[in-house]
Structures are given as C-alpha cells and as structure tokens.
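Okay, here's what each chain looks like letter by letter:
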Amino acid sequence: MEENTTNNPLEENVNFESRLDLKPLQDSLAQIKHELGKVIVGQSKMIDQLLVSILSNGHVLLEGVPGVAKTITAKLLAKTMNIGFSRIQFTPDLMPSDILGTSVFDLKKSEFEFKKGPIFSNLILIDEINRAPAKTQAALFEVMEERQITMDGTTYQLTTPFLVIATQNPIEQEGTYRLPEAQLDRFLFKINIDYPKLSEEIEIIQREHSLQDAGKLDQIKTFLTAAEINKYQGLVKQIIVEPNLLEYIAKLVINTRENAFLYLGASPRASIAILNASKGYAALRGRDFVTPEDIKDAAIPVLQHRVIVTPEREMEGITSQEIIRQIIETIEIPR
C-alpha cells in the first residue's frame, strides 16, 4: 500500500512550487507599493494596474477629474525607479518636433544634426494628452507601438524600458481634442480614477497638513533599475497560459465584435493585451500561471477604451464598462 501511494502519478504531478523565481519581483513590487502608499491614499486597484502595466510592458491612460492625483502618481512611480523620466505638458500649439526632436544645421560640420526630443527617455508622463491636436497625436503612433522614431529617413531605437503614462480629464471639452482610435488602441490600460471615500479624504487632508514645507517626492526612495525591469518583464512572458484560457480570451474579444450594443469591437491587439496583462496579474500575485480571475481583472481596463458604444445605448447612459461586464458574465469560465 505504501509503495502504491508513493508511485501514484497524480501525487507526482502535484507540485505547488513555482517554476519561476518570482520572489525578487514580488519584493520589489511590495517596496514600490509601500513607497507610493506614503503619499497616495487608497487607490490600491489603480496602483496594481500601474504595476501590471510595467510588468506587461504596456502604456497607460489615466482618466479622472482634476485633483485626483493622476500626475503626482506618475511622478511618484517614476521616483521609485532608477530610470530616465520625462514630463511633457500637451498644449493646443504643441508640434510633433516638440516631442520627437528636430534636425538642426551645424555650421561647424556643415551638416544637419538630430536633436532628440523629450520622448527619448524611459518613463514618459504626458499630461493632459487630449489637449494636443491630431497632428501631434499622430506623432506618437510609431513610438508607442514600435518603440522607435523615424526622422529624415533615419530610425532611432528607444532604450528599454519605454513606457508612456498619459493623463486626461473626461469632463472638460473646451480646448481639447478627442484621441484617435488608433492611439487609444496603443494603450494597454485605461484606468478610471474615482473620488476618494470620506475616510480617505480625511486622511489626505491630515497628511497634507502634517507635510508643512516638506515635498511629496522627497520621502520616496528608489528601488528598481532599468536592468531589473527588463528582467522582470522577461520573466512575465514565461508565465504559463493553458490553451482553454487562450480560447477564453479570444471569446471575450470576439464577443465585443458581435455585441449589438457596441458599434466597434476590439481588435486582435486587444486579445494580445489581455494575454500580457493577465500574465502581469499572475506575477503580481506570485503565480507562474494565469487563472480566469487574472483574465477577468485585465478585461475591463484593456477593453473599455477600445470599443465604441452605439449612439442609442450611449444616450441611455450605458457605458462600455457595463457592456464588458455583461460579456464577462455571459461567457462560461474555463475549468
């Protein structure tokens, strides 16, 4: 009896030890969360989504009314990492050359020299992204998708990691331009930031009162290096996804194309985004395999900005988030 128990193939296949060493990754993320928690009150879901986007090597669009800590969150996140940081304030008169750079004639060498713009960094904060016109928005297409810039026939590769965190105000319409669908599709996540609860609001006021003359960024420590971020992103790519979960992702995305409430469904880029984001969630939770919960958590922030609600449903007040939740509820979860 004892020998049969030892040689039971089911017992041999049960192995709860992680195939990947995710301990250093989890320790680094825990440190970043702790540092952000010194300034940011609540918003744990938003912080998790930002960390998942870094692990998944994806860009983020932060949307919320003025004063809900969109810009300061991006600055604090940059401070926790020892990488290049660049902040670009988008304005209606901003030109593509103000972002990408421009060729300047060098009189000594009698030739044009390319002067790199602020986009040549690792973490880019684009503040009020919807304030720049279509011409400037289009300048971001290549750099966000391919991590390269082509100027005057020469291609410049950007150093890794390269991540864009953009902010926008959904309420104000004057002096703003709606983001093109092609650009929205290049953001891994769209994160909606809500107002804090009463208890959180009180804590925000108390912290601001106790700060006195001290700066918010002064108390934040630096942990991650560029090499470590690249290493962790490589680890996340190795996380296991079972074939039935790949099919589940495909069904979610295809259902957005067949849904009567949606004028525009999500593209295959959305399927890949859910795959990468669900791996990021698994790594954040210390697992080397993806579960249906990881996919469900990734689905709304990945899909909500890639679909368009029909005008009739929009007039009824139905949002893309509600429709995506309905889609998630109707599709059977793989077992």
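Residues numbered from 1 in each chain as written. Predicted model: local features only at pLDDT ≥ 70, side-chain atom pairs only at ≥ 80, totals over all residues. Heavy atoms only, no water.

Participant: I tried to follow the sheet that holds strand β9 (residues 163-168) on my own but got confused; where do I start?
Facilitator: As a general point, the strands of a sheet are linked pairwise by backbone hydrogen bonds and lie either parallel or antiparallel. The strand order across the open sheet formed by five strands is β3-β6-β9-β1-β10, and the pairing between neighbours is parallel. The sheet is open, and its two borders are formed by β3 (85-89) and β10 (187-192), each paired with just one other strand. Strand-to-strand twist of the sheet, defined as the mean angle between neighbouring strand axes without regard to direction, takes the value 15°. With four bridges connecting them, strand β1 (residues 59-63) and β9 associate as parallel partners. Note that in β9 the partner of L62 across the bridge is T167. (Pairing = 2+ DSSP bridges. Helix = DSSP H or I, 4+ residues; strand = E, 2+ residues; numbered from the N terminus. Axes fitted to C-alpha atoms, helices over the stretch in contact; angles between N-to-C directions.)

Participant: Which parts of the structure should I look at to understand unusual backbone geometry?
Facilitator: Both trends apply: most residues other than glycine have a negative phi, and most peptide bonds are in trans. The step from T160 to P161 runs through a cis peptide bond, and the omega angle for that step is -5°. With respect to the helices and strands, the residue P161 is situated in the loop between β8 (154-157) and β9. Here the phi dihedral of R147 falls at roughly 55°; this positive angle occurs in a residue that is not glycine. As for its placement among the helices and strands, R147 is situated in the loop between α8 (140-146) and β7 (148-151).

Participant: Hey, could you run me through the packing of aromatic side chains in this one?
Facilitator: For the coordinates displayed, the defined rule picks out three aromatic pairs. Between F114 and F120, the aromatic rings sit 6.0 Å apart at their centres with planes inclined by 70°, giving edge-to-face as the arrangement. Among the residues examined, F114 registers a relative accessible area of 13% and is labelled buried. Among the aromatic residues, ring-to-ring pairing joins F114, F120 and Y156 into one connected group. R287 extends its terminal NZ or CZ atom over the ring of F289, reaching a point 5.6 Å from the ring centre. (Phe/Tyr/Trp six-rings, centres within 6.5 Å; stacked < 30°, edge-to-face > 60°. Buried < 20%, exposed > 50% of the residue type's maximum accessible area, 1.4 Å probe, protein only. Lys NZ or Arg CZ within 6 Å of the ring centre and 35° of its normal.)

Participant: Is there a simple way to think about helix α16 (residues 320-330) in this case?
Facilitator: One full turn of an α-helix is made of 3.6 residues, so residues set three or four places apart face in the same direction. All of the buried residues along α16 are S320, I323, I324, I327 and I328. For α16, the angular spread of the buried residues around the axis is 140°, confining them to a single face. Pointing more than 90 degrees away from the buried face of α16 are the exposed residues E329 and T330. Here the buried face of α16 lies against α12 (243-258), β12 (262-264), α14 (292-303) and β13 (308-309). (Arc of directions from axis to C-beta. Contact = heavy atoms within 4.5 Å.)

Participant: Would you take a moment to explain the environment of G58 for this structure?
Facilitator: Within the secondary structure layout, G58 lies in the loop between α4 (44-55) and β1. The exposure class of G58 is buried, given its relative accessible area of 8%. It is 8.4 Å that separates the C-alpha atoms of G58 and A277, two residues lying 219 residues apart in sequence. If we skip the residues at most four places from it in the chain, G58 touches S53, R147, L163 and L188.

Read these as geometric descriptors, not functional statements.
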